[in-house]
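This is what each chain is made of:
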Amino acid sequence: MGDETADDAGGRAHPALTDHDPIATYDRIATHFSKTREYAWPEVESFLADRDATRAIDIGCGNGRHTELLADRAETALGVDASRGLLREACTRAEDRGIDASFLQGDAAALPVTTGTAGLGIYVATIHHLRPRRRRIRSLNELARVLDPAGVALVSTWSAAHDRFADVDPVADADVQAVTDVEGTPIGFDTTVDWTLPGGERVPRFYHIYTPAGFRTDLAASDLSIESFEVSSGNCYVTVRPGAGSASKE
């Protein structure tokens, strides 16, 4: 696969996207964001319903709402996030609720976690904040690395199938930047989605919006193997295991 960067589309970097810092953004909005993320996603609850493990990891844990579920399913649950602000929210939530979980600052593309130690993994609503494309694939490889040989994980991302992006043309629209494969076919686009704080301040958040086919392409380029792939309410939900790509597993 190619090693595209933020200026994949013809070498024309988009300053508003290139200069955007997702970590600083989530540090800025952490308290308000956490208040709107009280409950776990049903898809995560469904994924975990009949699973347990000795150790589990929540990559991009945010305020720890899904780490809390993992703590009920594993002897040891670890939440990892790049934002110190969100980790403070996660620690406070766990303490208030008596949740036995640990939290660690770390990069999804370079996890500070021992290889082959997690039997369960959650990596939801996070990969779309990484750039460029090689870091997204690297993060998938990191998930494969930390899972034990029989481990399983749920990965999710916003996709171009979401109603919000129905009218977006990644090639023609000036506010987004197309990301293409080695043959020049668009497999997603970079954009920003504002978060509105109390008082009206709008804080832009970087997103890479995959096409479903584009997400499959990056999964196939990774060290993960697809067990199931679903698009629901505009999000891609993929159950994965460590393996040599997805082609033989669908």
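Here we summarise the structure given alongside this text. Remember, it's a predicted structure, so these values are computed and weren't measured experimentally. (Residues numbered from 1 in each chain as written. Predicted model: local features only at pLDDT ≥ 70, side-chain atom pairs only at ≥ 80, totals over all residues. Heavy atoms only, no water.)

1. Observations concerning the sheet that holds strand β8 (residues 202-210)
Pairing between the strands of a sheet is mediated by backbone hydrogen bonds and can be parallel or antiparallel.
Okay, so step 1: One open sheet accounts for three strands, arranged β6-β7-β8; its pairing is antiparallel. The strands lining the two open edges of the sheet, one partner per strand, are β6 (177-180) and β8. Mean inter-strand twist for the sheet, computed between neighbouring axes without regard to direction, equals 30°.
Okay, so step 2: Its contacts with the sheet place helix α2 (residues 22-35) against β7 (186-196) and β8, and it is angled at close to 115° to β8.
Okay, so step 3: Most of the contacts of helix α7 (residues 212-220) go to β8, to which it runs at about 75°, and overall it touches β7 and β8. (Pairing = 2+ DSSP bridges. Helix = DSSP H or I, 4+ residues; strand = E, 2+ residues; numbered from the N terminus. Axes fitted to C-alpha atoms, helices over the stretch in contact; angles between N-to-C directions. Contact = heavy atoms within 4.5 Å.)

2. Notes on the pattern of salt bridges
Okay, so step 1: Scanning all chains against the criterion turns up 11 salt bridges.
Okay, so step 2: One salt bridge in this structure joins Glu-68 and Arg-93, with 3.1 Å as the shortest N-O distance. Here Glu-68, found in helix α4 (residues 65-73), pairs with Arg-93, found in helix α5 (residues 84-97); they are 25 residues apart in sequence, far enough to count as distant.
Okay, so step 3: According to the relative accessible area criterion, Glu-68 is buried, its value standing at 17%.
Okay, so step 4: Residue classification places Arg-93 among the buried positions, given a relative accessible area of 12%.
Okay, so step 5: Asp-107 serves as the salt-bridge partner of Arg-135, at 2.7 Å between the closest nitrogen and oxygen. Taken together, the residues Arg-135 in helix α6 (residues 133-146) and Asp-107 in the loop between β3 (102-105) and β4 (118-123) connect sequence positions 28 residues apart.
Okay, so step 6: Looking at Asp-107, the relative accessible area reads 31%, which means it is partly exposed.
Okay, so step 7: Each of Glu-38, Glu-68, Arg-93 and Arg-97 takes part in salt bridges that share partners, so that together they form one network. (Salt bridge = Lys/Arg side-chain N within 4 Å of Asp/Glu carboxyl O. Buried < 20%, exposed > 50% of the residue type's maximum accessible area, 1.4 Å probe, protein only.)

Distances and angles like these do not, on their own, reveal function.
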